[in-house]
Amino acid sequence: MNIEANKIAGAVLSTLLVVMGLNMVSGIVFAPKKPAVPGFDLPSDEPTTAAAGPAAAAEEPIAVRLAKADPARGEKAIGACKACHTFEKGGANKVGPHLYDVYARPKGSVAGFGYSAAMKSKSGEAWEAEQLDGFIKNPKAYLPGTSMAFAGVGKPDARADIVAYLNTLADAPKPLPKP
Ligand code: HEC
């Protein structure tokens, strides 16, 4: 190895040593103080009560809504349904089957009405409160393939009113589910 190379290697090494030394010294002089709790609390206006949190956005169960439902309001809310359904006893089928006595009636069971295959496949179920609530909310989401071309009733309380009203359309209304 020649002398020049040795000098260069020595210079590099000593530079490294100086840098390392400085690093150690500054580490001692400027030793960072770590806080006991990292970070700090931002003031938050997020609600702390559960009622105002995401849970409030969820719908109340139909039984809870039925407890405060009003069939008279429901009767007013079914205007849009009348384009396709009759509601009186002995009423005819129109675009949709008659809805007298629909509460607790087996799904797709009005004789002579041409139900969709999707509805016929559910004939083992009945139109209880929960089913009516779900179907009226969004027919196509609740029963893909249904022929009920209706967007749905978005307001949960309005649907409860409608279910309560539908239940009055019977010779003997059924007991509604209690919360
Ligand atoms: C555009 C026409 C139309 C409108 C509006 C409409 N429906 Fe229907 N409805 C239908 C049709 C068609 C069916 C049969 C669906 C099938 O076979 O899949 C049906 C079926 C039903 C059924 C099932 C009945 C059974 O015998 O199984 C219920 C309950 C019902 N509708 C309630 C309502 C209510 C409540 C409204 C108003 C909020 C409404 N519908 C609005 C056309 C309509």
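Residues numbered from 1 in each chain as written. Predicted model: local features only at pLDDT ≥ 70, side-chain atom pairs only at ≥ 80, totals over all residues. Heavy atoms only, no water.

1. Some thoughts on the environment of S123
Part 1 of the argument: Looking at the element boundaries, S123 is found in the loop between α5 (117-120) and α6 (129-137).
Part 2 of the argument: Remark: the alpha-carbon pair of S123 and G108, spanning 15 residues in sequence, is separated by 5.8 Å.
Part 3 of the argument: Excluding residues within four positions of it along the chain, S123 makes contact with P106 and K107. (Helix = DSSP H or I, 4+ residues; strand = E, 2+ residues; numbered from the N terminus. Contact = heavy atoms within 4.5 Å.)

2. Here we look at the packing of aromatic side chains
Each aromatic ring pair is characterised by the separation of its centres together with the angle its planes make.
Part 1 of the argument: Applying the stated criterion to the full structure yields four aromatic pairs.
Part 2 of the argument: Ring geometry for F87 against Y165: centres 6.5 Å apart, planes inclined by 45°, an arrangement best described as tilted. Residue F87 is located in the loop between α4 (71-77) and α5, and its partner Y165 is located in helix α8 (residues 156-168); the two are separated by 78 residues in the primary sequence. Accessibility assignment for this pair places F87 and Y165 in one class, buried.
Part 3 of the argument: Between F113 and Y115, the aromatic rings sit 4.8 Å apart at their centres with planes inclined by 70°, giving edge-to-face as the arrangement. For the pair F113 and Y115, a shared accessibility class is recorded, and that class is buried.
Part 4 of the argument: What links up through ring pairs into an aromatic cluster is the set W127, F135 and Y142. (Phe/Tyr/Trp six-rings, centres within 6.5 Å; stacked < 30°, edge-to-face > 60°. Buried < 20%, exposed > 50% of the residue type's maximum accessible area, 1.4 Å probe, protein only.)

3. Observations concerning the site of the ligand
Part 1 of the argument: With respect to spatial proximity, 26 residues lie near the ligand, and among them C81, C84, H85, S116 and M148 are the closest.
Part 2 of the argument: In this structure, an oxygen atom belonging to the ligand sits 2.5 Å away from a side-chain N or O atom of S116.
Part 3 of the argument: A distance of 2.7 Å is found between an oxygen atom of the ligand and a side-chain nitrogen or oxygen belonging to T146.
Part 4 of the argument: By residue number, the principal contributor to the shell around the ligand is α6, which donates three residues.
Part 5 of the argument: Of the residues belonging to the shell around the ligand, the class tally is 18 nonpolar, six polar and two charged. (Near = heavy atom within 4 Å. Polar contact = N/O pair within 3.5 Å; in protein donor to acceptor, adjacent residues only side chain to side chain. Nonpolar A, V, L, I, M, F, W, Y, C, P; charged D, E, K, R; others polar.)

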